[in-house]
Amino acid sequence: MGLNIEAEPKTNADAPGGPGIPPTWCSSAKEIVGCSLGPSRLWFTIGGGIVNEVFYPRVDIPQIRDLGFIVADDQGFWVEVKRMDSHKLVWAAQGVPALEIVHQHARFTLRLRIAPDHHRDVLLVDIKLEGEPGLRPYALLAPHLGSSGHDNQAEVCSYRNRRMLWAEQGPFGLALAAVDNRQQDAWGRASAGYVGASDSWQDFSQHGRMEWQYSRAGPGNVSLTGELPRHATLALGFASSKESAATLAISALMQPFNEPWQRLLDAWSDWHRCCVEQHEFQNDIPDALREQYFTSAMVLRVHQDKIYPGAMVASLSIPWGNTRDERGGYHLVWPRDLVESAGALLALGAEDEARDILRYLIATQHADGHWYQNQWLGGKAYWQGVQLDEVAFPVLLAARLAERNALQGIEVADMIRRAVGFIARTGPISQQDRWEEDTGINTFTLSVCIAALVAGAAWLEDGTREFVLDLADYWNAHIEDWTVVYDTELARRLGVHGYYIRNAPSERDINPRALLDVLPIKNRADAPVLTAAEQVGIDFLQLVRFGLRRADDPLILDSIRVVDELLKVDTPNGPSWHRYNGDGYGEHDDGTPFDGAGQGRVWPLLTGERGHYELAAGKDPLPYLQAMVAMSGTGGMIPEQVWDSAPIPAKGLFPGCPSGSAMPLVWAHAEYIKLLFSRQLGRPCDQPAATSQRYKGERPIIKHAIWLPQDQIPKIGGGQTLFIALYEPGVIHWSSDGWQSAWDSATRDTGLGLHLVELDTQALRSGQIDFTTRRAATGEWLGRNYTIEITNS
């Protein structure tokens, strides 16, 4: 790279070129994810045929960028195996993260077997090089301790009579040890360097062989390299110091590699066997679907944390991670993704894991009933937005476990009461939709909230239970009033009467023209100017999935026609859909990574959601399952997004194949498993029983209306009873004849943070209701009058 670095060995010298080039993560695309099932706390990912991130001591903190290999002959020939793109994965057993990676070259074959140690925080790699005798393998390690490439210290040294490559940053340490077949120290030449300046890739690039042997590098973005014999075993240990990590690594090498390898096989096979024993799995499915089933089950289990049982990150990847040094990425817990995963675990028969998820959610719920938008595994906030579906989903998980008589002593009434109370006090408007973008009323969010109100009512006291069910009915009856538009230019162009929109503005009730206001799309640099009435998504399918509307409801059918016209892409691997029109979360048109703006791509997850709709409509969802499998990457990893434009081979982007977004996406794997089991059941396996029984797909006819402080309705129907709720005890002073006469009605405590009064308005067919409020404790008038129109419609 233009540096004048001497070629002779510098075994006791510091490497030049610090602090190295700015660090990034490796590609977001993973071929396999794996973890230990014993006391060890390691998670690892494979991408490009090498080890990518390894996570310790918590799954949300990756500690290396990658561990790769160079093969060279010391005569000028060298190749970095991850750049050959000619490897294959050989599974040791179905659904087990034990695999052999085989890199094939005209001059050699490099075989890597990878397994975590059962008892220690150590990743073991068995290396075997076959081919020309003059070739040798070299290990290349890029530490990212503390989840950052900054300020790492790397060193090559002798530790207790063993050659050691180790690194440290703050409270994190790693050590890379190597032994031969006789468990003797196996390192040959070794070096520490700065990435992009004095690392071994630069060495080989400039000299065609390993010339540099620097003993230290750092602080900065550093790397470590060591020469190995043709057959060796590596141990990558992690601990709170480099010395502790070295102790773990060396002790893990004092056993034949086949012992931890076989232990991994046995433990995973036992788990799959236990799951299969708890349900009747459909055997008459294509082999590719069956293989994906075991892979997806493995992905779900791999993502379960060990320090915080029940926690699962959204992905062991960082979207477009090769372009940034980002600590968060998808190494975080989203309550929505977590409960979606729990539903898949229940389908698998893994009730113990689902119960742990419920316990974790109870432990991380806020006093007011909500959960953070996302959080680190221990519960510390990352993004602190509020998404009402994430408040509702834990209630549905508790209800699902109860339906199966599987709570096993977990007391859920308090969690449910607080969650339902938060929904009642803040809904139907959500601060964010499930795509974490806009305030308003969204059909997916509202479906989940209504289902949670209905399912959670069983744990509430008399009086409170009736109000919550009334609220669910009221919201359900008004879904179309809030989220459907009719006779728009788009509707006329597509020949439909009306359709569900992506997100209804919160002020629609009082200002119908709000639908004509532009709804900004924040992830597009060249965002199209679309009004709220012109933006659509497939979120409305949740109404059918949760039993709130029939699959053949005319508005559902019209909306499907609209989204298929605007969002559907028939890729070479099957159909998929964009989240909404105008979405910018994806690569740019030229394939460059998302950088805060881009062009949204299609999601295999949404292919699964459409499959659930087709099942509810009486069709076989098999084509959608097959599409999800076909869109998966190497190793069966289902990506967040697939490329949906013309191929760009130079960037590895091909239609219907994984883009640079997160892979695997745990939620997508959960959706695949649930669709597979839903097909077997003949209905959506996660449909809440209480909701489907109460509504049977029909919009309820209601005899009441509910005025809430956060949803101040402007009118009610003639003959309806009016409920008014306040955030504190109060008295409603009201009149139905223009204040010629008036009445006082005291509120009652619902136990949900709302104080409710029921006004006897059933005899009223027209006119208006005027009211004002005062505090019960002090009698203080709150200084505002309200008017609600009574209509005959």
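Residues numbered from 1 in each chain as written. Predicted model: local features only at pLDDT ≥ 70, side-chain atom pairs only at ≥ 80, totals over all residues. Heavy atoms only, no water.

Take the overall build of the protein chain next. When its secondary structure is counted, the protein chain shows 18 helices and 30 strands. Reported as C-alpha extents along the three principal axes, the dimensions of the protein chain are approximately 100 × 55 × 55 Å. When contacts within the protein chain are restricted to residue pairs at least 6 apart in sequence, those whose partners lie at least 24 apart make up 69%. About 28,100 Å² of surface is accessible on the protein chain, with carbon and sulfur atoms providing 48% of the total. Taking the average place of the 71 positive charges on the side chains of the protein chain and the average place of its 98 negative ones, the gap between the two points comes to 3 Å. (Helix = DSSP H or I, 4+ residues; strand = E, 2+ residues; numbered from the N terminus. Contact = heavy atoms within 4.5 Å. Areas by Shrake-Rupley, 256 points an atom, 1.4 Å probe, with all protein chains shown as cover. Lys, Arg positive; Asp, Glu negative; His and termini not counted. Charge placed at Lys NZ, Arg CZ, Asp CG, Glu CD.)

Taking strand neighbours across the sheet as the criterion, the nine strands line up as 6-7-8-9-17-13-12-11-15 in an open arrangement whose pairing is antiparallel. Each edge of the open sheet carries a strand with a single partner, namely strand 6 (87-91) and strand 15 (216-220). Direction aside, the axes of adjacent strands within the sheet are offset by 20° on average. Relative to strand 8 (residues 108-116), strand 7 (residues 99-104) is paired through six bridges, and the arrangement is antiparallel. Bridged to Leu99 within strand 8 is Ile114. (Pairing = 2+ DSSP bridges. Axes fitted to C-alpha atoms, helices over the stretch in contact; angles between N-to-C directions.)

Taking 1.5 Å per residue as the helical rise, helix 17 (residues 666-681) with its 16 residues ought to reach 22 Å, and the 22 Å between its terminal C-alpha atoms agrees with that figure. Counting buried positions along helix 17 yields 14 of 16 residues, so the element is predominantly enclosed. One or two positions beyond helix 17, positive phi appears at Gly682, with a value near 85°. (Expected span 1.5 Å × (residues − 1). Buried < 20%, exposed > 50% of the residue type's maximum accessible area, 1.4 Å probe, protein only.)

What follows concerns the nonpolar core. By size, the foremost hydrophobic cluster in this structure holds 193 residues, and its most contacted members are Trp475, Tyr672 and Leu722. Once residues within four sequence positions are removed from consideration, Leu722 is found in contact with Ala705, Trp707, Ile713, Ile716, Val757, Glu758, Leu759, Thr761, Ile769 and Ile788. Residues Ala15, Phe69, Trp212 and Leu236 belong to the second largest nonpolar core, which totals 49 residues. (Core = buried A, V, L, I, M, F, W, Y, C linked by side-chain atoms within 4.5 Å.)

Attention now goes to the pattern of salt bridges. A complete count under the given rule lists 59 salt bridges for this structure. Linking Arg355 and Asp352 is a salt bridge whose minimum nitrogen-to-oxygen distance equals 2.5 Å. With Arg355 and Asp352 both in helix 6 (residues 351-364), this residue pair falls three residues apart, about one helical turn. The exposure class of Asp352 is exposed, given its relative accessible area of 52%. Its salt-bridge partner being Glu437, residue Arg579 comes within 3.1 Å of it at the nearest N-O pair. Placement of Arg579 in the loop between strand 21 (574-577) and helix 15 (604-616) and of Glu437 in the loop between helix 8 (413-426) and helix 9 (443-456) is noted, with a sequence separation of 142 residues between them. Here Arg579 and Glu437 have matching classes, each one buried. The structure contains a network of salt bridges with shared partners spanning Asp433, Glu437, Asp438, Arg502, Lys522, Arg579 and Asp583. (Salt bridge = Lys/Arg side-chain N within 4 Å of Asp/Glu carboxyl O.)

Okay, the environment of Asp737 next. Within the secondary structure, Asp737 is located in the loop between strand 25 (730-735) and strand 26 (743-746). Using a relative accessible area of 30% as the deciding quantity, one classes Asp737 as partly exposed. It is 7.8 Å that separates the C-alpha atoms of Asp737 and Gly767, two residues lying 30 residues apart in sequence. There is a polar contact of 2.8 Å between the side chain of Asp737 and the side chain of Ser735. (Polar contact = N/O pair within 3.5 Å; in protein donor to acceptor, adjacent residues only side chain to side chain.)

On to the packing of aromatic side chains. For the structure shown, the criterion picks out 25 aromatic pairs. Look at Tyr585 and Phe594: their rings are 4.9 Å apart centre to centre, the planes differ by 80°, and that puts the pair in the edge-to-face class. The pair Tyr585 / Phe594 is uniform in exposure class, with both members buried. An aromatic cluster is built from Tyr330, Trp334, Trp376, Tyr382 and Trp383, whose rings are joined through pairwise contacts. (Phe/Tyr/Trp six-rings, centres within 6.5 Å; stacked < 30°, edge-to-face > 60°.)

Here the focus is the side chain of Gln255. Within the fold, Gln255 resides in the loop between helix 2 (242-252) and helix 3 (258-277). Excluding its chain neighbours within four sequence positions, the residues that come into contact with Gln255 are Asp117, Arg120, Leu124, Gln183, Pro260 and Arg263.

Right, let's get into the side chain of Glu80. Locating Glu80 in the fold gives a position in strand 5 (residues 78-80). According to the relative accessible area criterion, Glu80 is buried, its value standing at 9%. Only 2.4 Å separates the side chain of Glu80 from the side chain of Arg83, close enough to count as a polar contact. Setting aside chain neighbours within four positions, we find Glu80 in contact with Phe69, Ile70, Leu140 and Trp201.

So, about the pairing of strand 7. Looking along a regular strand, one sees side chains alternate from face to face of the sheet. Among the six residues in strand 7, five count as buried, and that is most of the element. Strand direction decides the pairing type here: strand 6 and strand 7, joined by five bridges, are antiparallel. Counterpart to Trp91 in the pairing with strand 7 is Leu99. Counting the residues in the hairpin turn of strand 7 and strand 8 gives three residues.

This paragraph deals with the sheet that holds strand 27 (residues 748-749). If you walk across this open sheet you meet the four strands as 22-24-28-27, and the pairing is mixed. Since the sheet does not close on itself, it has two edges, and those belong to strand 22 (704-707) and strand 27, each with one partner. Relative to strand 24 (residues 721-726), strand 22 is paired through four bridges, and the arrangement is parallel. Bridge pairing links His704 to Thr721 in strand 24. Where helix 10 (residues 464-477) meets the sheet, its contacts fall on strand 22, strand 24, strand 27 and strand 28 (755-759), and the angle it forms with strand 22 comes to roughly 95°.

Next up on the list: unusual backbone geometry. Looking along the chain, the bond that leaves Gly218 and enters Pro219 is cis, with omega of 5°. Looking at where Pro219 falls in the secondary structure, it is placed in strand 15. Backbone geometry places Arg160, a non-glycine residue, at a positive phi of 55°. Within the secondary structure, Arg160 is located in the loop between strand 11 (152-159) and strand 12 (162-169). Phi is positive for Asn405, which is not a glycine, with a value near 55°. Positionally, Asn405 belongs in the loop between helix 7 (388-403) and helix 8.

Put simply, helix 7 and helix 9 touch, their axes get as near as 8 Å, and they point 40° apart. It follows from the interaxial angle that helix 7 and helix 9 lie oblique. Read as a crossing pair, helix 7 and helix 9 show a hand that is left-handed. When helix 7 is examined against helix 9, the residues Leu388, Asp389, Ala392, Phe393, Val395, Leu396 and Ala399 are found in contact with a partner set consisting of Phe444, Thr445, Val448, Cys449, Ala451, Ala452, Ala455 and Gly456. (Parallel < 35°, antiparallel > 145°, perpendicular 65-115°, else oblique. Left-handed = near helix turned anticlockwise from the far one by under 90°.)

Further remarks concern the pairing of strand 10 (residues 136-143). Among the eight residues in strand 10, seven count as buried, and that is most of the element. As judged from the eight bridges shared by strand 4 (residues 64-72) and strand 10, these two strands associate in the antiparallel manner. Counted as the bridge partner of Ile70 is Tyr138 from strand 10. Judged from the four bridges that link them, strand 10 and strand 16 (residues 222-227) form a sheet pairing that is antiparallel. The residue bridging Tyr138 from the neighbouring strand is Glu227, located in strand 16.

Right, let's get into helix 7. Relative to the 22 Å expected for 16 residues at 1.5 Å per residue, helix 7 spans 23 Å between its end C-alpha atoms, a close match to the ideal helical length. For helix 7, the buried fraction is high: 14 of the 16 residues fall into the buried class.

A few words on the confidence of the model for the protein chain. Scored by pLDDT, the protein chain comes out at a mean of 91, with 92% of its residues at no less than 70. Counting contacts from residues 1-10, a segment whose pLDDT is below 50, to residues more than four positions away or on other chains yields 22 contacts. (pLDDT = per-residue confidence, 0-100.)

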